[in-house]
Amino acid sequence: MKASAYEECYGAIVAIWKDEGGNTLDDIALMATINSVLANRFTTYYWTGFYRVCGDRLVVGPYIGTVGCLQIQFGKGVCGTAAARRETLIVPDVNQFPGHIACDAASKSEIVVPLFDPAGELIGMLDIDSDQFDAFDEEDRAGLERIVGLFRQT
Ligand code: SME
């Protein structure tokens, strides 16, 4: 079910990227495109956006949703922890995650996926929040990891 929705999103993002010469643009253009396609397809997403690696911290990038925190230290919160580990984190209940950064009290669960550049360097995180508990699973992980794999190709 979700797998086919992610397939559709992947196809839409790649089509826009190819048709409009996205590979001559920058990561922000790809982030904004991914946000729009995902947030419009998955209306259950409460917050969809990116944090970018800037030195020793993450700084907010393009997002769709309520106001997000501007910066997150590596190792802090869900994003900072996933960034330090360089791996996807699925958190079914953010209240149970030690050090969770509550930008918006309505956020109940989240998935955070790392982005890598073509050299394999960590360049940021895709952060998606839901206002429902336990909203994300392995289908989301697979679908989102495939989409952010596009940053490796830019
Ligand atoms: N929940 C995140 C902070 C960012 S917001 O959700 C937009 C975290 O703990 O990393």
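An account of the accompanying structure is given in this report. (Residues numbered from 1 in each chain as written. Predicted model: local features only at pLDDT ≥ 70, side-chain atom pairs only at ≥ 80, totals over all residues. Heavy atoms only, no water.)

**Details of the site of the ligand**
Taken together, Trp-47, Tyr-51, Ile-72, Gly-77, Val-78, Cys-79, His-100, Ile-101, Cys-103, Glu-110, Asp-127 and Asp-129 form the complete shell of residues around the ligand. Bound to the protein, the ligand loses 98% of the 310 Å² it would expose on its own. Judged by the fraction of its atoms near the pocket grid, the ligand is located in the largest cavity. Elements represented by at least two residues in the shell around the ligand include exactly strand 1 (45-54), helix 3 (77-85) and strand 6 (122-130). Counted by class, the shell around the ligand contains 7 nonpolar, 2 polar and 3 charged residues. (Near = heavy atom within 4 Å. Areas by Shrake-Rupley, 256 points an atom, 1.4 Å probe, with all protein chains shown as cover. 1 Å grid on protein atoms, 1.4 Å probe; cavity = no way out; pocket = protein on both sides within 12 Å on 5 of 7 lines; lining within 4 Å. Sits in = over half its atoms within 2 Å of the grid points. Helix = DSSP H or I, 4+ residues; strand = E, 2+ residues; numbered from the N terminus. Nonpolar A, V, L, I, M, F, W, Y, C, P; charged D, E, K, R; others polar.)

**Regarding the pairing of strand 2 (residues 57-64)**
Note that strand 1 and strand 2 share 6 bridges and pair antiparallel. By the bridge assignment for strand 2, Gly-49 is matched with Tyr-63. (Pairing = 2+ DSSP bridges.)

**Focus on the packing of aromatic side chains**
One pass over the full model with this rule turns up 6 aromatic pairs. Note on Phe-42 and Tyr-45: the rings are 4.9 Å apart at their centroids and 10 degrees apart in plane angle, and the pair reads as stacked. Classification of Phe-42 by relative accessible area gives buried; the value is 7%. Relative to Phe-151, the ring of Phe-50 lies with its centre 6.0 Å away and its plane at 65 degrees, an arrangement referred to as edge-to-face. With Phe-50 in strand 1 and Phe-151 in the segment after helix 4 (138-148), the pair connects residues that are 101 residues apart, well separated along the chain. In this structure Phe-50 comes out as buried when scored by relative accessible area, which is 0%. For Phe-151, a relative accessible area of 0% corresponds to the buried category. One aromatic cluster is present, built from ring pairs that chain together Tyr-6, Phe-42, Tyr-45 and Phe-136. The ring of Phe-133 is capped by Lys-108, whose NZ or CZ atom sits 5.9 Å from the centre of that ring. Positioned above the aromatic ring of Tyr-10 is the side chain of Arg-146, whose terminal nitrogen or guanidinium carbon lies 3.7 Å from the ring centre. (Phe/Tyr/Trp six-rings, centres within 6.5 Å; stacked < 30°, edge-to-face > 60°. Buried < 20%, exposed > 50% of the residue type's maximum accessible area, 1.4 Å probe, protein only. Lys NZ or Arg CZ within 6 Å of the ring centre and 35° of its normal.)

By themselves, these are just geometric observations and shouldn't be taken as functional.
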